[in-house]
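Residue-level listing of the chains:
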Amino acid sequence: MTKSDKKLGMDRPITRRDFVHGVGTIGAAVAFAGPLSACGEKTTSKPTEYPPKFTGMRGNHDSSFTVAHALSREGKTDWGPVQNIEDQYDLVIVGAGISGLAAACFYRQKRPDARILILDNHDDFGGHAKRNEFEIGGRTYLTHGGSMFLTSPYGYSDVVKNLLSDLGVDFSRLVKSVDFGLYARHGLYGAFHFNKEKWGRSATVGASLSYAFNGPENPNISAKEMIDQFPVSQKARQELLHLFTIEADQLPDLSQEEKVAYLKKTSYRDFLIQQIGVTEQDVFDFLQDHTADMGLGIEACDAYLAMTYAGMPGWPATGIETYEKEDLTGFHMFPDGNASVTRLMVRSLIPDVAPGNTMEDVVMAPFDYGKLDQSSSGVRIRLNSTVINASNDGDGTQISYVREEKAYRVKAKKCVLACNNAVIPYICPELPDEQKEALSNQVRQPILSNRVLVKNWHAWKELGIQEVLAPGGFHTSIGLNLPMNLGGYSCPQEPDEPTIIGMFRYPHVNNEGLTAQEQFRMGRHELLTTPFEDIERHIRTELDELLGNHGFNAAEDIEAIIVNRWAHGYAYSHNFHTLFDQDYDDPDDKRYPHVKGRKPIGNISIANSDSGADAMLECAIDQAYRAVSELQAV
Ligand SMILES: Cc1cc2nc3c(=O)[nH]c(=O)nc-3n(C[C@H](O)[C@H](O)[C@H](O)COP(=O)(O)OP(=O)(O)OC[C@H]3O[C@@H](n4cnc5c(N)ncnc54)[C@H](O)[C@@H]3O)c2cc1C
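This structure is a prediction, so every number in the text was calculated from the model and none was measured.

1. Thoughts on the sheet that holds strand β6 (residues 189-194)
In spatial order, the strands read β1-β18-β12-β17-β14-β13-β6-β7; together these eight strands make up an open sheet with mixed pairing. The sheet is open, and its two borders are formed by β1 (56-59) and β7 (203-206), each paired with just one other strand. Ignoring strand direction, the axes of neighbouring strands in this sheet form an average angle of 25°. Inspection of the sheet shows β1 paired to strand β18 (residues 558-570) by four bridges, in the parallel sense. In the strand pairing of β18, Arg 58 is matched with Asn 564. Against the sheet, helix α20 (residues 532-547) contacts β1, β6, β7, β12 (445-454), β13 (465-469), β14 (477-480), β17 (499-505) and β18, and its axis sits at roughly 120° relative to β18.

Structure, rendered in structure tokens:
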């Protein structure tokens, strides 16, 4: 152990390594999986592990992708003797994410007695909608491991609204659960953090921006006061001030439609050069990764999206008047993010799994994972089970999967593939080549979404910050957990209390002329080859640099770390990548790869958010409805 690692506390016995590098995960999986007999499926009733409390490497934890990668990368097809499972199902669903669980709900609406088996390769259900749960001093701290909130739910389709309503989700109640004023009441606002390694000196500067960056701004700081504190050249300061304060329309000769068309085909970087006159490298470096939420830097992200979605500065220069910054006070969110939506679905499909029947009581309801896969239940969720083949077989289907290194085959009348598109060509070889190619086109955006439980938040209070954007950092966004109170869960109110810090990285490759798909593949490689220890070191180093002068000490103050690794994250969205892809306006245009890719074949249909080319929860549900409708029409 190096001296610097010791100072960071890399040797401290925090809860982080109990499930690192697959060893603990496999052990835990075995502990709660329950035995399968050669010809039937036994009930699991013994006390079980509770995955939301696992720490260390989570999200796509190590053992979750071993089988799928052996199949897709090494062409492995032989997992030894296959055990045929005698139980027959009406429906097998591949993937226990939002889409797979919604598919089960829709199928049961039409056929309440249908026997359904849901298979997922992870040790927890929910797909990206995972719950992270910490416990310290007898108190529970909740947060989202991936999918966070319901975005603009009043605009959801009736299909989505009805399903959520059936599950008990009340938007007007949900929106009140976020206490937006808490941090402002403590005098905490958004800021930028410049790290010493990249910027020559370390500086944390309050954010004062209009039309710029989604995040909590500090109303007490003017744009000039803020920019004057940036560790950048004098010329860069002038250019930034011009960018943040520009009012004049720089595109006066274009109609409103032409302006939008121009912005959608121009990178934000080129917009800065062509319309704002930016020349300084410091300016580009400062702005470079603030679009990274969409997976790309400013040279690969179109100017329209950069300003409307990511809130980048310069909008008045477009002369377009219609854009209004999103009102973040309208956040609709559970304390564990969209994990509660999946918990509601699981509880409605398998009532034995948890007590209660409301949106409120699901938040703290104890979930018994031993009840997920019981022979007495009409719906069963089998975790740690990677599907390796789904085929039409006579007038039904047969599905093979690997679990604990053994292969099983199960028969079902129908099958919904609610897994990500990229794996479908490998597990469903009977698909036509053109469809396989279309499915492979949907490369998901990788995301690292880390959570750190700390003893208190005094340093944040002293600094007057609640969230920083960190240009050039390993994590480009670092902030206190969104304060939420719902269903008996209450968030930390005072800086003396432990709290959760969120740290985000969106791996991509800047300025090398790569397409979105190429960048996402490289980002995925980065995520899958970076060990937990390296990420922990980044976490400790960055928190020490940000907060170290204000009483925080990473070696002493970190209680636990969860790294949520999403190698296959957001679904690929064509209208997000207009610099690389054709934008056909209609999301169901038959020329789109996702539309070509989602055609059913025999008794197998395809759900999941990839098949709607939109990463959001509502798309995952809409696509589940379509996939189930297609099966019922067969
Ligand atoms: C970090 C992050 C934050 C997000 N935030 C939001 C948000 O705030 N709001 C929002 O609406 N959306 C958000 N999303 C988008 C999210 O992807 C969708 O909302 C939704 O959860 C997608 O559901 P899905 O079922 O389509 O896919 P997934 O969640 O990916 O579920 C598919 C499941 O199938 C499994 N699977 C794949 N292959 C196999 C196989 N061969 N055998 C068995 N199982 C398999 C996968 O491992 C996975 O568990 C976020 C995503 C990420 C990664």
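2. Some thoughts on the nonpolar core
By size, the foremost hydrophobic cluster in this structure holds 65 residues, and its most contacted members are Ile 118 and Phe 367. Ranked by residue count, the leading element in this core is helix α4 (residues 98-110), at eight residues. Aside from chain neighbours lying at most four places away, what touches Ile 118 is Ile 93, Gly 95, Ala 96, Leu 101, Ala 104, Leu 349, Val 379, Arg 380, Ile 381 and Arg 382. Counting 42 residues, the second-largest nonpolar core is a separate cluster that includes Trp 199, Val 205, Met 312 and Ile 320.

3. Observations regarding the site of the ligand
If you check the shell around the ligand, you find 34 residues, and the closest are Asp 120, Asn 121, His 128, Arg 444 and Ala 615. Interatomic distance of 2.6 Å between a side-chain N/O atom of His 128 and an oxygen atom of the ligand. Met 148 places a main-chain nitrogen or oxygen 3.0 Å from an oxygen atom of the ligand. Within the shell around the ligand, the residues separate by chemical class into 16 nonpolar, 16 polar and two charged.

4. What to know about the pattern of salt bridges
One pass over the full model with this rule turns up 31 salt bridges. With a shortest N-O distance of 2.7 Å, Arg 537 and Asp 5 are connected by a salt bridge. Note that Arg 537 is positioned in helix α20 and Asp 5 in helix α1 (residues 3-8), a separation of 532 residues in sequence. What you see here is one network of salt bridges that share partners, running through Asp 5, Glu 533, Asp 534 and Arg 537.

5. As for the side chain of Thr 530
The residue Thr 530 is located in the loop between α19 (516-529) and α20 in this model. Reaching out from Thr 530, the side chain makes a polar contact with the backbone oxygen of Glu 526 at a distance of 2.6 Å. Excluding its chain neighbours within four sequence positions, the residues that come into contact with Thr 530 are Met 57 and Ile 535.

6. Focus: the confidence of the model for the protein
Within the protein, residue pLDDT values average 91, and 92% of them lie at 70 or more. Within the model, pLDDT remains below 50 along residues 17-47, and this stretch shows 70 contacts once partners closer than five positions in the same chain are excluded.

7. Overview of the state of the cysteines
Every disulfide links exactly two cysteines, by a covalent bond between their sulfur atoms. Summed over all chains, the structure comprises zero disulfides. There is no disulfide at Cys 419, and the cysteine sulfur nearest it, in Cys 415, is 8.2 Å away. Cys 419 sits in the buried class, given a relative accessible area of 9%. Cys 428 takes part in no disulfide bond, and the closest cysteine sulfur to it belongs to Cys 415, at a distance of 7.7 Å.

8. Describing the environment of Pro 252
Relative to the elements of secondary structure, Pro 252 occurs in the loop between α10 (234-245) and α11 (256-264). Among the residues examined, Pro 252 registers a relative accessible area of 58% and is labelled exposed. Along the chain, Pro 252 and Ile 320 lie 68 residues apart, while their C-alpha atoms are 10.0 Å from each other.

What counts, and where the lines are drawn
Residues numbered from 1 in each chain as written. Predicted model: local features only at pLDDT ≥ 70, side-chain atom pairs only at ≥ 80, totals over all residues. Heavy atoms only, no water. Pairing = 2+ DSSP bridges. Helix = DSSP H or I, 4+ residues; strand = E, 2+ residues; numbered from the N terminus. Axes fitted to C-alpha atoms, helices over the stretch in contact; angles between N-to-C directions. Contact = heavy atoms within 4.5 Å. Core = buried A, V, L, I, M, F, W, Y, C linked by side-chain atoms within 4.5 Å. Buried < 20%, exposed > 50% of the residue type's maximum accessible area, 1.4 Å probe, protein only. Near = heavy atom within 4 Å. Polar contact = N/O pair within 3.5 Å; in protein donor to acceptor, adjacent residues only side chain to side chain. Nonpolar A, V, L, I, M, F, W, Y, C, P; charged D, E, K, R; others polar. Salt bridge = Lys/Arg side-chain N within 4 Å of Asp/Glu carboxyl O. pLDDT = per-residue confidence, 0-100. Disulfide = S-S within 2.5 Å.

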